[in-house]
Amino acid sequence: MPWRAPSCGPRPEWSTVETTAECTQGSDYVRVFDTTLRDGEQSPGATLTSSEKLEIARALSRLGVDTIESGFPAASPDDLYAVQQIADIVGQTEVNSRGGQSIPTICGLARASEPDIEKAWTAVKGARFPRIHTFIATSPIHREHKLRLSREEILARVRTMVGYARSLCPDVEFSPEDAGRTESDFLHEVLSVAIDAGATTLNIPDTVGYTLPQEMGAIIAGIREHVPNIDQAVISVHCHNDLGLATANSLAAILNGARQVEVAINGIGERAGNTALEEIVMALHTRSAILGLRTGIDSTQLTRTSRLVSQRTGMVVQPNKAVVGANAFAHEAGIHQDGMLKNADTYEIMKPESVGAAKSALVLGKHSGRHALESRLRELGHQLDKAALSETFDRFKALADRRKQITDADLEALVVNTAESLSVAYVLDSLQVSAGHHGLATATVRLRRPDGAVATHASVGTGPVDAIYKAIDTLLPTNRSLMEYTVHSVTEGIDALGQVTVRVHAPRMEGRLNPQSEQGQGLFFSGSGAHTDVLIASAQAYLAAVNRHISALGGLKQEGGAWVGAVSEPSSSRPPSLTTSAASAAKA
């Protein structure tokens, strides 16, 4: 049976800090802390622009997550700006479709150092409900090889930095990094010190995905038993999927008393990723009779949000992915089909409608007007400005002339394609391709530059897509490599939209600072395109990725008649190493 604590009445006003999950929504309520925009974005190739982060944050708010960890403000000025924008907009906007509280908490990550914490507070303080999440490693291997600090020095650091964070923000979360490999007595001592210093949430991370479910359950049970002041804080859990156990470990923690779970849409994140939000939510929902636990998530928006994150990050969801994969509700085996025809419950433990995955019927046609399109897009969660709506409507009309049926999936692809085209500086003006079994593949590409000038180039390649990309590389010369190319059909039928996603790598560009390793990651840029002609979609996708790369270079400039990056490297505002600052503080 799940752990239950007595309910302590309705949620108090923000003037007093809530310190237990029971005081928020009852003892059976599990808070959902989404880290798609922070840990999820650390996935190679998942780099997001500020506008894309804001779009996803809005979707997460509509989904009903309790807390949005919107970034690591100390990583770069752009990260700080993105978190600040989310705090000022999403952190102040009520969403009627949300269950429970109408505005999510906006959180920023910070290492246990004053500069990091100050930047995190600067970023999140505009939110109605701000939170600072600070961390320091506690396991022996991290203490000895990364931090080079003793137990006593780490305890002093926690006491000072958590206290400093609490002096700025009334809601502070603390994480002992690599808690799964930390000695239990030291873990309990660190957590107790953090609570005394002002932490309101204690997060237990399985940083390297090493822990087994029974071990994670025992860790949480041990914390509840041996940390004397644990009733003053919410216990949280953050699991990685290196051994494929992230969801199992998170559920084990919840069943032993954790009342916040840290997750990411589609399970994206460093290495093998994080616990998938959709898996935890549907496990608690589907087995509610046994578990007796609930969340505030609107599950009917899971598929939609999954697609948005996949499209914006360029990380394709594998077909057999639980809950949101393309095959999650497909039944091809004859015996399964027979059972489904007789009673859907024979092989479906969840209804497609419960996660928003039901097939959409015809929603719009060639005679539909701008208002009808705008209304349907609003129902799908897209609120477009005038320019974006006008562009999307033009694309919709063009598609409707070629297809009789326009579905929700088509509309979603059109919106993504519009966002890509409006955010770029170099636009595909025309494309001509010649290819055949015995002939050379040739592509002629014409691009329109920001100044309105048109440039044309023809290239020969091993195939039509290779020829297209070589022509674009000649017209927009920057140093990058194509790492991934995927194409799939948006809907069924020979006239369906083809959606192409690409990922490129800029080898000489230092990426955002990784908060754990304190190293810059090489930058990857993704792009997507949708068209009934997959070659045009391929050109649009690659051009979108190239434009992101060019934007990171500060645009292009002409030198000696050639176009080159305005800056050779993006400016870096890398904060000092935590190892150095922690050691200095400990000796002071």
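Up top you'll find the structure we're talking about.
Owing to the predicted nature of the structure, the values given are computational and were not obtained by experimental measurement.

1. Overview of the sheet that holds strand β11 (residues 454-461)
- With antiparallel pairing, three strands are arranged side by side in an open sheet as β9-β10-β11. Strands at the two margins of the open sheet, each flanked by one partner only, are β9 (427-434) and β11. Each strand axis lies, on average, 15° off the axis of its neighbour in the sheet, ignoring direction.
- Pairing geometry for β9 and strand β10 (residues 441-448), over seven bridges, is antiparallel. Across the sheet, V433 pairs through a bridge with A443, a residue of β10.
- Helix α17 (residues 464-475) contacts β9, β10 and β11 of the sheet and is inclined by roughly 140° relative to β11.
- Relative to the sheet, helix α18 (residues 534-552) contacts β9 and β10, its axis offset from that of β9 by approximately 135°.

2. Quick notes on the packing of α17 against α18
- In contact at an axis separation of 10 Å, α17 and α18 are set at 35° when each is read in the N-to-C sense. Where α17 crosses over α18, the two elements pack in a sense that is right-handed. Contacts between α17 and α18 involve P464, V465, I468, Y469, I472 and D473 from the former and L535, S538, A539, Y542, L543 and V546 from the latter.
- Counted by class, the contact of α17 with α18 contains 10 nonpolar, one polar and one charged residues.

3. Points about the sheet that holds strand β1 (residues 31-34)
- Spatially, eight strands are ordered β1-β2-β3-β4-β5-β6-β7-β8 in a closed barrel, and the strand pairing comes out parallel. On average, each strand axis in the sheet is inclined to that of its neighbour by 25°, with strand direction left out of account.
- Inspection of the sheet shows strand β6 (residues 201-206) paired to strand β7 (residues 234-239) by six bridges, in the parallel sense. Directly across from D206, in β7, lies its bridge partner C239.
- Along the sheet, helix α7 (residues 184-197) makes contact with β5 (172-177) and β6, crossing β5 at roughly 160°.
- Sitting on the sheet, helix α9 (residues 246-255) touches β6, β7 and β8 (260-263), and the angle it makes with β7 is about 170°.

4. Things to note about the packing of helix α14 (residues 370-379) against helix α15 (residues 386-402)
- The N-to-C vectors of α14 and α15 enclose an angle of 110°; their axes lie 10 Å apart at closest approach. Between α14 and α15, the interaxial angle falls into the category roughly perpendicular. Mapping the contact onto sequence places R370, L373, E374 and L377 in α14 and L389, S390, T392, F393 and F396 in α15.
- Considered class by class, the residues forming the contact of α14 with α15 number five nonpolar, two polar and two charged.

Cut-offs applied
- Within every chain, residues take consecutive numbers counted from 1 along the sequence as written.
- Selection of residues for local features in this predicted model requires a pLDDT of at least 70, selection of side-chain atom pairs for listing and counting requires 80 or more, and totals for whole chains, interfaces and linings are taken over all residues.
- Note that water and hydrogens are dropped before the side-chain values are worked out from all heavy atoms of the structure.
- Two strands are counted as paired when DSSP detects at least two bridges linking them.
- Counting from the N terminus, the helices are DSSP H or I runs at least four residues long and the strands are E runs at least two residues long.
- For helices, the fitted axis covers only the stretch in contact; all axes are lines through C-alpha atoms, and the angles between them, taken along N-to-C directions, range from 0 to 180 degrees.
- By definition in these notes, contact holds between two residues if any of their heavy atoms fall within 4.5 Å.
- Left-handed describes a crossing whose near helix is turned anticlockwise from the far helix through less than a right angle; right-handed describes the clockwise counterpart.
- Here the nonpolar group is Ala, Val, Leu, Ile, Met, Phe, Trp, Tyr, Cys and Pro; Asp, Glu, Lys and Arg are the charged ones; every other residue, Gly included, is treated as polar.
- Reported orientations rely on four angle classes, namely roughly parallel under 35 degrees, roughly antiparallel over 145, roughly perpendicular from 65 to 115, and oblique for the rest.

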